[in-house]
Amino acid sequence: MVAMKTVSFSRIVSGAESVVTAFDSCGGTRWWWRTILWLHGKPTSPVLSDAERRRILADGFRFYAQLYRFVGALFWLVGGACWGVGVFETSRDALYWTLASVVVGGFLWFTTSLGFAGAKVMREDKGSGRLLLCSFMVAIIAFLSGLTAALSVVVQWQTQSGVLLNLLALSVL
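Since we're looking at a predicted model, the values are computed, not measured. (Residues numbered from 1 in each chain as written. Predicted model: local features only at pLDDT ≥ 70, side-chain atom pairs only at ≥ 80, totals over all residues. Heavy atoms only, no water.)

### Structural notes on the packing of aromatic side chains
For clarity, the cut-off: Only Phe, Tyr and Trp rings are paired, with Trp represented by its six-membered ring, and only when their centres lie within 6.5 Å; those with planes under 30 degrees apart are stacked, over 60 edge-to-face, the remainder tilted. Burial classes follow relative accessibility: with a 1.4 Å probe on protein chains only, a residue under 20% of its type's maximum area counts as buried, one over 50% as exposed, and anything between as partly exposed. In this scheme, Lys NZ or Arg CZ marks a charge over a ring once it lies within 6 Å of the ring centre and within 35 degrees of the ring normal.
One pass over the full model with this rule turns up 5 aromatic pairs. With 5.2 Å between their ring centres and 70° between their planes, Phe63 and Tyr64 make a pair best called edge-to-face. A relative accessible area of 47% places Phe63 in the partly exposed class. Grouping aromatic residues by their ring pairs yields a cluster made of Tyr68, Phe75 and Phe143. If you follow Arg69 out to its NZ or CZ, it ends over the ring of Trp109, 3.9 Å from the centre.

Take a look at the structure:
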């Protein structure tokens, strides 16, 4: 008996022809995209029913929505804990960082609602859910980009590390 590999979200997504060839016409980004797909594992094109494919994709998006909802809750908890413990030098710093944590947590909470709704629509086949899921992914990309940039600024401000080193790290992230 031959054991069958588990069909996962990333294997289905990275195996779609439109995903594989997405950056073929963009020259230098082609190698970058192929590296990203390679990191997700060997793509598979299993023979699945539409219902099974939708279920797997919906479960994948639901997982990411749960993950980022947890991250949003962490922003709320950390912001409140920092305020309560008094880790800030001034009350102005405390107000800014606490409110920033609340705003980011709220943004992620709203964003994950898009992910949950899109996954539900996809699973139940009541429409494609593409607009909801694309909006979810764009919002997560915006969050990660903003977080990376903010961390770069904070690291530069607090440590006075080399500008080139900081910008290199920012570029890699």
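### Topic: the nonpolar core
Heads up, the condition is: Nonpolar cores were defined as sets of buried Ala, Val, Leu, Ile, Met, Phe, Trp, Tyr and Cys residues, with membership established by side-chain atoms within 4.5 Å. Under the DSSP-based scheme used, a helix requires at least four consecutive residues in state H or I and a strand at least two consecutive residues in state E, with every element numbered from the N terminus. Any pair of residues with heavy atoms lying within 4.5 Å of one another is described as a contacting pair.
Counting residues in each nonpolar core, the largest one holds 17 residues, and the members touching the most others are Leu57, Phe61, Tyr68, Leu108, Met122, Phe136 and Ile140. Broken down by element, the residue count for this core peaks at 6 residues, all from helix α4 (residues 50–85). Setting aside chain neighbours within four positions, we find Phe136 in contact with Phe61, Tyr64, Ala65, Thr111, Thr112, Leu114 and Gly115.

### What about the pattern of salt bridges?
This is how the line gets drawn: Salt bridges are counted wherever a side-chain nitrogen of Lys or Arg sits within 4 Å of a carboxyl oxygen of Asp or Glu.
The final tally for this structure, using the stated rule, is 5 salt bridges. Put simply, Arg30 and Asp24 hold a salt bridge, and the shortest N to O gap is 3.1 Å. Of the residues examined, Arg30 reaches a relative accessible area of 38% and is grouped as partly exposed. Exposure remark for Asp24: the relative accessible area of 33% places this residue in the partly exposed category. With a closest N to O distance of 2.6 Å, Glu52 and Arg55 form a salt bridge. With Glu52 and Arg55 both in helix α4 and 3 residues apart, this pair spans about one turn of that helix. Connected via shared salt-bridge partners are Glu52, Arg55, Asp59 and Arg123.

Everything listed here is a matter of coordinates, which is why it stays silent on function.
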